[in-house]
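# Results of the structural survey
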Amino acid sequence: MIYIKELIEYRRHFHKYPEIGFNTGETIKYIIGILNNIEYNKDIISLKLNRIDNNLIVTLSTKPSTILGFRADIDALKIKEETSLEFKSTNNYMHACGHDAHSAITLRVITYLLNNPCILNGTVRFIFQNAEEGPDNGGAYYLMDNNEVKEIETIYALHVNSELEPNTVYYKYNEIMASSNCFKIELFGKASHITRYNEGIDVLKVGNKIYHKINKIKTNNLIYMGTFNSGTTTNIVPDYTKIEGSIRTFYLSDFRYIYYKISQIVKRYSKNNKYLISYNNGYPSVINNKDSVDLLVRCCNKINLKHILLNKPLFLSDDFSRYSKNSRICYFFIGTKFINNTPLHSSNFMIDEKSLKTGFDIYLELIKNYPFRYV
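What comes next is a walk through the structure. (Residues numbered from 1 in each chain as written. Predicted model: local features only at pLDDT ≥ 70, side-chain atom pairs only at ≥ 80, totals over all residues. Heavy atoms only, no water.)

## Points about the packing of helix α7 (residues 290-302) against helix α8 (residues 356-369)
Between α7 and α8, the least distance of the axes is 9 Å, while the angle of their chain directions is 110 degrees. Judged on the interaxial angle alone, α8 and α7 are roughly perpendicular. The element α7 and its partner α8 pack so that their crossing is right-handed. Residues Leu-295, Leu-296, Cys-299, Cys-300 and Lys-302 of α7 form the contact with α8, whose own contacting residues are Ile-362, Glu-365, Leu-366 and Asn-369. (Axes fitted to C-alpha atoms, helices over the stretch in contact; angles between N-to-C directions. Helix = DSSP H or I, 4+ residues; strand = E, 2+ residues; numbered from the N terminus. Parallel < 35°, antiparallel > 145°, perpendicular 65-115°, else oblique. Left-handed = near helix turned anticlockwise from the far one by under 90°. Contact = heavy atoms within 4.5 Å.)

Here is the structure:
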């Protein structure tokens, strides 16, 4: 069918010309160019484009109503592609997380609605958002106070997953993805020559004890220390040690407990040296709204789309969680397992393009069945 052909065309364009972070201007130009060239009946459906820096908000409406939303992340990663695809990246970046697929699905839904306005019985708003992969607070953080975003009643987002079975929706009630928080421990000791060891304060040894003790914290959440730096040469007692790590939790109370335990450990082993503990708040956890998940399941059933309830949340994170500040949110996965089954963020990442139809079909069905209230 023609809409599948265009889905693949859009996806391959995004894949071939990836952009990262907040620098997604050419991607936005491409989307705007596609939409400006669509012929549609302006007496039946309205189209509004609102470019905010390198983000784009697209509003379609056949009548004033409460607003249904969809988010598509458009940024790529700083990864050099190593596939043999004919449409592989033309630069040193890569859509190794599937955002090209998310953008293609969302763009094709918009163009389809413009040509088939009878499907829409209210107002729907689509956000093409940059910097989901960062840097700093992520792209969603800077959109939260925009009035068009604040007006959205319920917002959906999907994510492809090349390790899950194709043409299948994977969903979960309540928590589905974790918050991401980073911590940094700095230990300040006293340097001395190793022949006068007792005159120094060795914070490498202190850091080693702290590292092993943190690894023994009992929790169902995730704590991982990714960097440990200490010392400058082989014959000097180190006077500075830095340990950095990540904490992934689903609830704030769990994060506070883990941070408290880390603080107590550092305090216990740093009796003879000064220390500093700091952390930055990353993305909050993604907590799905029950009613929005219920609608997703009903829509899957109506179109006989295979759907599977996840038995546990994932320690992945996504700044889609920030939209819960103003709206009910629902995040789900579509399986796109391909021959080589490469994971996300891999330089060989690939998806089964036929699975794009799954995302397109479920988005249309959500729009058809959403309980708009008219204003």
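Here the narrative resumes.
## Considerations on the nonpolar core
Counting residues in each nonpolar core, the largest one holds 62 residues, and the members touching the most others are Leu-60, Leu-113, Phe-126, Phe-128, Phe-332 and Ile-367. Ranked by residues supplied to this core, first place goes to helix α3 (residues 99-115) with 8 residues. Residues in contact with Ile-367, not counting those within four places in the same chain, are Leu-68, Phe-70, Val-109, Leu-113, Ile-119, Leu-120, Val-124, Phe-126 and Phe-372. With 22 residues, the next largest nonpolar core counts Leu-143, Val-149, Met-177 and Val-286 among its residues. (Core = buried A, V, L, I, M, F, W, Y, C linked by side-chain atoms within 4.5 Å. Buried < 20%, exposed > 50% of the residue type's maximum accessible area, 1.4 Å probe, protein only.)

## Describing the pairing of strand β8 (residues 179-188)
Regular strands have side chains that alternate between both faces of the sheet. For β8, a buried count of 7 out of 10 residues is recorded, marking the element as mostly surrounded by other parts of the structure. Note that β8 and strand β10 (residues 240-249) share 10 bridges and pair antiparallel. In the strand pairing of β10, Glu-186 is matched with Lys-242. Where β8 meets strand β11 (residues 274-281), 8 bridges bridge the pair, whose relative direction is antiparallel. Its bridge partner being in β11, Lys-184 is matched across the sheet by Ser-278. (Pairing = 2+ DSSP bridges.)

## Remarks on the sheet that holds strand β6 (residues 169-171)
Pairing in this open sheet of 8 strands is mixed, and the strands run β1-β2-β4-β3-β5-β14-β6-β13 from one edge to the other. Because the sheet does not close on itself, it has two edges, and the strands there are β1 (46-52) and β13 (307-309). Mean inter-strand twist for the sheet, computed between neighbouring axes without regard to direction, equals 25 degrees. With 8 bridges connecting them, strand β5 (residues 152-161) and strand β14 (residues 328-335) associate as parallel partners. Looking at the pairing, Tyr-156 lines up with Cys-330 of β14. Along the sheet face, α8 touches β3 (67-73), β4 (123-129), β5, β6 and β14 and points at about 160 degrees away from the line of β3.

## Brief notes about the side chain of Thr-168
Locating Thr-168 in the fold gives a position in the loop between β5 and β6. Look at Thr-168 and you get buried, because its relative accessible area is 1%. Within the local environment of Thr-168, its side chain forms a polar contact with the backbone oxygen of Pro-166, the two atoms lying 3.1 Å apart. (Polar contact = N/O pair within 3.5 Å; in protein donor to acceptor, adjacent residues only side chain to side chain.)

## Considerations on a positive patch on the surface
Taken together, the side chains of Lys-213, Lys-216, Lys-261, Arg-268 and Lys-271 present a region of like positive charge at the surface. By the element assignment, Lys-271 lies in the loop between α6 (252-269) and β11. Overall, Lys-271 belongs to the exposed group, its relative accessible area being 72%. (Patch = residues over 30% accessible without salt bridge, like charges linked within 9 Å, V, L, I, M, F, W, Y side chains within 5 Å. Areas by Shrake-Rupley, 256 points an atom, 1.4 Å probe, with all protein chains shown as cover. Salt bridge = Lys/Arg side-chain N within 4 Å of Asp/Glu carboxyl O. Lys, Arg positive; Asp, Glu negative; His and termini not counted. Charge placed at Lys NZ, Arg CZ, Asp CG, Glu CD.)

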